[in-house]
Amino acid sequence: MTGIKIDGKIIAQTVKDRVKKAASELKIEGINPCLATVLIGNNPASATYVKNKHKACEEVGIITKDHKLDESVTQQELNNIIDELNADVSVHGILVQLPLPKHLNEFAVTSRISPIKDVDGLTPHNSGLLSVKKAVLVACTPSGVMEMFDYHNINLEGKNIVLINRSNLVGKPLYHLLLEKNATVITCHSRTKDIEKFCKSADIIITAVGDRTKFILTPEMIKEGSIVIDVAISRFEDKLVGDCDYEKIIEKASFVTPVPGGVGPMTVAMLLKNTITATSLGIQIGR
Ligand code: GUN
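Since the model is a prediction, treat every value here as computed from it, not as a measurement.

Caption draft 1: Fine view of the site of the ligand. What surrounds the ligand is the set Leu 95, Val 96, Gln 97, Leu 98, Asp 120 and Leu 169. Gln 97 has a polar side-chain atom sitting 3.2 Å from a nitrogen atom of the ligand. When isolated, the ligand has an accessible area of 280 Å², and the protein chains bury 83% of it. Tallied by class, the residues present in the shell around the ligand amount to four nonpolar, one polar and one charged.

Shown next as structure tokens:
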């Protein structure tokens, strides 16, 4: 069997088209959707991601405010910047690019962001709402993956889905989103014994390890006709790669996302969508 490519660039464009229209309608009302980003330190991958996010905002008519902070910024200084952005009525969404330098407390930072500006869906408020099926702002990568399933009319009900990731940004929100669709979800992680056994019985595998020296999803590990969503992206032997080799997996799977050009563009598109949602939340409370 040769499977179908789930093309993140094409699906992301459909989301961006909708966002562009929403942004232009808001502008007619005199509201200019605005995303503030905070980038700390010199991580080259993070700098590239933030640059791509700004470029995408520009494409759809979302204003950006760019805060680049030195690696040595203190927790207090960062708290002050977040407080200022929370209070700034011209800012609708706030994104602090992760990971943070080791001396900063990620939970303290993400939970300080106002829930109505939390375009990453990482505050306790928004992650809590997600766990009771009342989500408004959901982490971008998980909602991007769900958008991919929707685009291809992939029914998740009753499917055995294996997640290989348990992070706050990917695995945990996905777990809730997939459960809402009545899938049976198993979360695997670095301490799981015999990941291969779980993968072989899965209808859908969503993998986000991002380190080829630790994990590679090979065709032998998957069931014929299964669906593979590769969320990972890392540099390996001078190439950008995911957790699996797309060309090999597609010979056995029914649907596969490539890397690059799969989940990555979806994450950016969903950030734009969340910024519009956050703008609407701001309007609702009169700011
Ligand atoms: N680092 C990698 N992915 C993300 C994301 O979706 N949001 C933030 N804030 N940082 C990230």
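Caption draft 2: The state of the cysteines, seen in detail. Inspection of every chain in the model, using the stated rule, returns zero disulfides. As a non-bridged cysteine, Cys 188 has Cys 199 as the owner of its nearest cysteine sulfur, 6.1 Å distant. Take Cys 244: it sits in no disulfide, and the sulfur closest to it among the cysteines is that of Cys 199, at 11 Å. Using a relative accessible area of 5% as the deciding quantity, one classes Cys 244 as buried.

Caption draft 3: Broad picture of the packing of aromatic side chains. By the definition in use, this model includes zero aromatic pairs. The ring of Phe 198 carries the charged tip of Lys 197 above its face, separated from the ring centre by 4.9 Å.

Caption draft 4: Representation of the pattern of salt bridges within the structure. Scanning the entire structure with this criterion turns up 11 salt bridges. A salt bridge links Lys 223 to Asp 203; the nearest nitrogen and oxygen atoms lie 2.7 Å apart. Placement of Lys 223 in the loop between β7 (204–207) and β8 (227–230) and of Asp 203 in the loop between α8 (195–200) and β7 is noted, with a sequence separation of 20 residues between them. With a closest N to O distance of 3.4 Å, Asp 245 and Lys 248 form a salt bridge. Sharing partners across several salt bridges, the network here consists of Arg 212, Asp 245 and Lys 248.

Caption draft 5: Local environment of the pairing of strand β6 (residues 184–188). Here five bridges tie strand β5 (residues 160–164) to β6, and the two strands are oriented parallel to one another. From the neighbouring strand, Val 162 faces β6, where its bridge partner is Ile 186. Crossover connection from β5 via helix α7 (residues 171–180) to parallel β6: handedness right-handed.

Caption draft 6: Examining the packing of helix α1 (residues 8–28) against helix α6 (residues 140–151) more closely. It is the contact of α1 with α6, at a shortest axis distance of 10 Å, that shows an interaxial angle of 100°. Taken together, the axis directions place α1 and α6 in an arrangement best described as roughly perpendicular. Residues Gly 8, Ile 10, Ile 11, Thr 14, Val 15 and Arg 18 of α1 form the contact with α6, whose participating residues are Glu 147, Met 148 and Tyr 151.

Caption draft 7: Representation of the nonpolar core in the model. Phe 149, Leu 156, Leu 178, Ile 206 and Ile 229 are the most contacted members of the largest nonpolar core, which has 47 residues in total. Residue assignment for this core shows that the elements contributing at least two residues are α1, α2 (44–60), α6, β5, α7, β7, β8 and α10 (263–284). With nine residues, α10 is the single largest residue contributor to this core. The residues touching Leu 178, leaving out its near neighbours within four places in the chain, are Met 146, Phe 149, Leu 156, Ile 161, Leu 163, Ala 183, Val 185 and Ile 206.

Caption draft 8: Broad picture of the sheet that holds strand β4 (residues 93–96). Judged by pairing direction, the sheet is parallel, and its three strands sit side by side in the order β3-β2-β4 without closing on themselves. The open sheet has two free edges, formed respectively by β3 (63–69) and β4, since each of these has just one partner strand. Averaged over all neighbouring strand pairs, the angle between strand axes comes to 15°, with direction disregarded. One ladder, built from seven bridges, connects strand β2 (residues 34–40) with β3; its direction is parallel. When the bridges of β3 are listed, Cys 34 appears paired with Ile 63. Of the strands in this sheet, β2, β3 and β4 touch α2, which is tilted by about 170° from β2.

The rules behind each value
- All residue numbers here refer to positions counted from 1 along the written sequence of the relevant chain.
- Where local features are concerned, this predicted model is filtered to residues with pLDDT of at least 70; where side-chain atom pairs are given and counted, the filter is 80 or more; whole-chain, interface and lining totals use all residues.
- Side-chain descriptors were evaluated using all non-hydrogen atoms of the structure, hydrogens and water having been removed beforehand.
- Residue proximity to a molecule or strand is established when one non-hydrogen atom of the residue lies within 4 Å of it.
- Here a polar contact means two N or O atoms within 3.5 Å. Within protein one must be a hydrogen donor candidate and the other an acceptor candidate, and residues neighboring in sequence count only if both atoms are side-chain atoms.
- Values of accessible area rely on a 1.4 Å probe in the Shrake-Rupley scheme; residue burial ignores everything except the protein chains shown.
- Side-chain classes are defined by residue name, with Ala, Val, Leu, Ile, Met, Phe, Trp, Tyr, Cys and Pro counting as nonpolar, Asp, Glu, Lys and Arg as charged, and the others, Gly among them, as polar.
- Disulfides are defined as pairs of cysteine sulfur atoms found within 2.5 Å of each other.
- A simple rule labels every residue: compare its accessible area, found with a 1.4 Å probe on the protein chains alone, to the largest value its type can have, and call it buried under 20%, exposed over 50%, or partly exposed in between.
- Any two of the Phe, Tyr and Trp rings considered here, Trp counted by its six-membered ring, make a pair once their centres fall within 6.5 Å; the pair's planes then place it as stacked at under 30 degrees, edge-to-face at over 60, or tilted in between.
- Lysine and arginine charges are scored as sitting over a ring when NZ or CZ, respectively, is within 6 Å of the ring centre and within 35 degrees of the ring normal.
- By salt bridge we mean one thing: a side-chain nitrogen of Lys or Arg within 4 Å of a carboxyl oxygen of Asp or Glu.
- Each helix corresponds to a stretch of at least 4 residues labelled H or I by DSSP, and each strand to a stretch of at least 2 residues labelled E; elements are numbered beginning at the N terminus.
- Paired strands, in this sense, are two strands between which DSSP finds at least two bridges.
- Call a crossover right-handed when, viewed with both strands pointing away from you, the route from the first strand across the helix to the second goes clockwise.
- Lines are fitted to the C-alpha atoms to define the axes, a helix being fitted only along its stretch in contact, and any angle between axes, read from their N-to-C directions, falls within 0 to 180 degrees.
- Just so you know how the angles are binned, under 35 degrees is roughly parallel, over 145 roughly antiparallel, 65 to 115 roughly perpendicular, and the rest oblique.
- Should any heavy atoms of two residues lie within 4.5 Å, those residues are counted as being in contact.
- Here, nonpolar core refers to any group of buried Ala, Val, Leu, Ile, Met, Phe, Trp, Tyr and Cys residues whose side-chain atoms link them within 4.5 Å.

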